[in-house]
Protein chains: 2
Amino acid sequence: MTSRRPPTAQQFVLEELRRAITTGRLRPGEPIRQEVLADELDVSRVPLREALKTLQGEGLVGHRAHRGYYVEQLSLDDLREVYLIRDLLEAEAVRRAVGRLTDAGLAAAEAAQAEVERAAEAADVLAMAEANRRFHMAIFECAGLPRLVRLIRTLWDSTDAYRSVYYAEEANRRRVIEEHRATLDLLRRRDAEGAVALLAGHRAAAVEAIESVLG
Amino acid sequence: MTSRRPPTAQQFVLEELRRAITTGRLRPGEPIRQEVLADELDVSRVPLREALKTLQGEGLVGHRAHRGYYVEQLSLDDLREVYLIRDLLEAEAVRRAVGRLTDAGLAAAEAAQAEVERAAEAADVLAMAEANRRFHMAIFECAGLPRLVRLIRTLWDSTDAYRSVYYAEEANRRRVIEEHRATLDLLRRRDAEGAVALLAGHRAAAVEAIESVLG
DNA sequence: TTCCTGTATTTTGGATCCAAAATCCAAATA
DNA sequence: TATTTGGATTTTGGATCCAAAATACAGGAA
């Protein structure tokens, strides 16, 4: 059981900030006024600042001495770079995952996929994005490389804001579902290279779609 | 010109803490007593805590709610995992670096290598480790992928403590110098795959040496 | 007008203070 | 003796307060 304990203010602020940034409520480039945010979240500036420090480590916000924090904005080049790094890391994660795939791991991915489809049905973009994340993470987790998974997770965080653009399109949502099904098939057959290639295409399509919108 | 400005307390504390951890003055697993450390560094607990938060993001320290921070210790598995991730990222960085290698970049690497050799001559292990880092980073920087380089840098940080073990041996120091020279040769000839392979061996040797000491 | 320049205001960075959680330790009980 | 329990102590988490840096702005000179 994961600690049922009143969450510390920092954790609360951290979650809240992540949401605010990835949903775009705090817009890229915008300076973060500590006092204002602290008042809004009803905490003092101390836990806020600590949360911002971890967000800085994840690349979601930037900081300049005596000028304060600001929401980091990804250029198109940055986006491509993040996806390049993801290609490198996720390919390895999938390769390893296939090698040590367990029934439980596969079941977790299947469960997540069921949620993805349910969310797509209901046209609930946010829920779909979340379930999609669980689907992929479930697979990565099987690799048994916790640090690698943690890195991948923070890379996902840093581009969350853009992924919503992708899911906005009905066609993309259908595509995601198809590719997930195909991925599960390949996993069941323990076809590592097939899965790696498929997921690489999966990412490439996302990048391309996002680029075409932003470019 | 890199800002000549009185460094903020946080930056000072951050550097100091990194040094303390990577040199082993703060030992793995050891809990970090904030008040004590703050007194030692002659700052209040606030900037200390913020520095610890960034260190946590880098994986150098861990944190548990209401129990505080502690120096993260890497198991052998963790060490292998970090080096696996480095393999993936650095291979790509080198490949790209060779493609867009500039005279300035090459010169930077050569300058760093000169320092490595000077430090080795003087048997100054710490200076050698630092120069070695500059050598590799100089190469990676040429890739023109700042996020990738930043990731690699934090991976290096997380294993700095172990690298000193490697440099303690005279034979290893000689080996490093040889391999660096060979690397520079390959770079001058724009032999990307050769450099990638050589540096992979470079890392493998380090892991093996460290394992044999700790195992 | 445009460009300085010096001052008021805002905002961040850091120190101190307070509350809450965890640890420690001794006495009491089974 | 081993274990539990109740408080004293320590240590962290958070709020408030103060200092220093940056920004905004008004007035003056070219």
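Residues numbered from 1 in each chain as written. Chains lettered and ligands numbered in written order. Predicted model: local features only at pLDDT ≥ 70, side-chain atom pairs only at ≥ 80, totals over all residues. Heavy atoms only, no water.

## Focus: the overall build of chain A
Consideration 1: Regarding its fold elements, chain A presents nine helices and two strands.
Consideration 2: In sequence order, the secondary structure elements of chain A are arranged as α-α-α-β-β-α-α-α-α-α-α.
Consideration 3: Here the C-alpha atoms of chain A give a radius of gyration of 18 Å, agreeing with the 17 Å that 2.2 N^0.38 yields for 215 residues.
Consideration 4: With 215 residues in all, chain A has 49% of them scored as buried.
Consideration 5: When contacts within chain A are restricted to residue pairs at least 6 apart in sequence, those whose partners lie at least 24 apart make up 69%.
Consideration 6: Here chain A has roughly 10,800 Å² of accessible surface; of this, 50% comes from carbon and sulfur atoms.
Consideration 7: In chain A, 32 side chains carry a positive charge and 35 a negative one; their mean positions are 4 Å apart. (Helix = DSSP H or I, 4+ residues; strand = E, 2+ residues; numbered from the N terminus. Rg over C-alpha atoms; globule rule 2.2 N^0.38 Å. Buried < 20%, exposed > 50% of the residue type's maximum accessible area, 1.4 Å probe, protein only. Contact = heavy atoms within 4.5 Å. Areas by Shrake-Rupley, 256 points an atom, 1.4 Å probe, with all protein chains shown as cover. Lys, Arg positive; Asp, Glu negative; His and termini not counted. Charge placed at Lys NZ, Arg CZ, Asp CG, Glu CD.)

## A short note on the packing of helix α7 (residues 146–168) of chain B against helix α9 (residues 192–214) of chain B
Residue and element names in this part refer to chain B.
Consideration 1: Interhelical geometry of α7 versus α9 gives an angle of 90° and a closest axis separation of 9 Å. On the basis of the axis angle, α7 is roughly perpendicular to α9. Together, Tyr162, Val165 and Tyr166 of α7 and Ala205, Ala206, Ala209, Ile210, Val213 and Leu214 of α9 make up the contact between the two elements. (Axes fitted to C-alpha atoms, helices over the stretch in contact; angles between N-to-C directions. Parallel < 35°, antiparallel > 145°, perpendicular 65-115°, else oblique.)

## A short note on the nonpolar core
Consideration 1: Core analysis: the biggest nonpolar cluster contains 70 residues, and Leu89 of chain A together with Leu89 of chain B have the highest contact counts within it.
Consideration 2: Setting aside residues up to four positions removed in sequence, leucine 89 of chain B forms contacts with Ile85, Leu88 and Leu89 of chain A together with Leu148, Leu151, Ile152 and Leu155 of chain B. (Core = buried A, V, L, I, M, F, W, Y, C linked by side-chain atoms within 4.5 Å.)

## Focus on the pattern of salt bridges
Consideration 1: Taken as a whole and judged by the stated rule, the model has 50 salt bridges over all chains.
Consideration 2: A salt bridge links arginine 188 of chain A to glutamate 110 of chain A, with the nearest nitrogen and oxygen atoms 2.9 Å apart. Here the residue arginine 188 of chain A occupies a position in helix α8 (residues 170–188), and glutamate 110 of chain A occupies one in helix α5 (residues 103–121), the gap between them amounting to 78 residues.
Consideration 3: In this structure arginine 188 of chain A comes out as partly exposed when scored by relative accessible area, which is 41%.
Consideration 4: Here arginine 181 of chain B makes a salt bridge to glutamate 178 of chain B, at a shortest N to O gap of 3.7 Å. Of this pair, arginine 181 of chain B and glutamate 178 of chain B both sit in helix α8 (residues 170–188), three residues apart, which is roughly one turn of the helix. (Salt bridge = Lys/Arg side-chain N within 4 Å of Asp/Glu carboxyl O.)

## Re the relation of the copies chain B and chain A
The pair of chain copies shares a relation made of a rotation about an axis and a shift along it.
Consideration 1: The transformation that overlays chain B on chain A combines an axial shift of 0.1 Å with a rotation of 180°, and the residual RMSD is 0.2 Å. Expressed as an axis order, the relation between the two copies is that of a two-fold axis.
Consideration 2: When the interface residues of chain B are mapped onto chain A, 100% of them again fall at the interface, so both copies present the same face. (Least-squares fit on C-alpha atoms with pLDDT ≥ 70 in both.)

## Considering the domain arrangement of chain A
All names here are of chain A.
Consideration 1: We note that the domain assignment places domain 1 (9–71) and domain 2 (76–214) within chain A.
Consideration 2: Here the C-alpha centroids of domain 1 and domain 2 sit 27 Å apart.
Consideration 3: With five residues of domain 1 in contact, the opposing surface of domain 2 contributes five residues.
Consideration 4: Taking both sides of the interface into account, the surface hidden between domain 1 and domain 2 amounts to around 440 Å²; carbon and sulfur atoms contribute 62%.
Consideration 5: Applying the counting rule to domain 1 against domain 2 returns one salt bridge.
Consideration 6: Measuring nitrogen to oxygen at the nearest pair gives 3.7 Å for the salt bridge that ties arginine 18 to aspartate 157. (Domains from an automatic or database assignment. Buried area = accessible area lost by both parts, 1.4 Å probe.)

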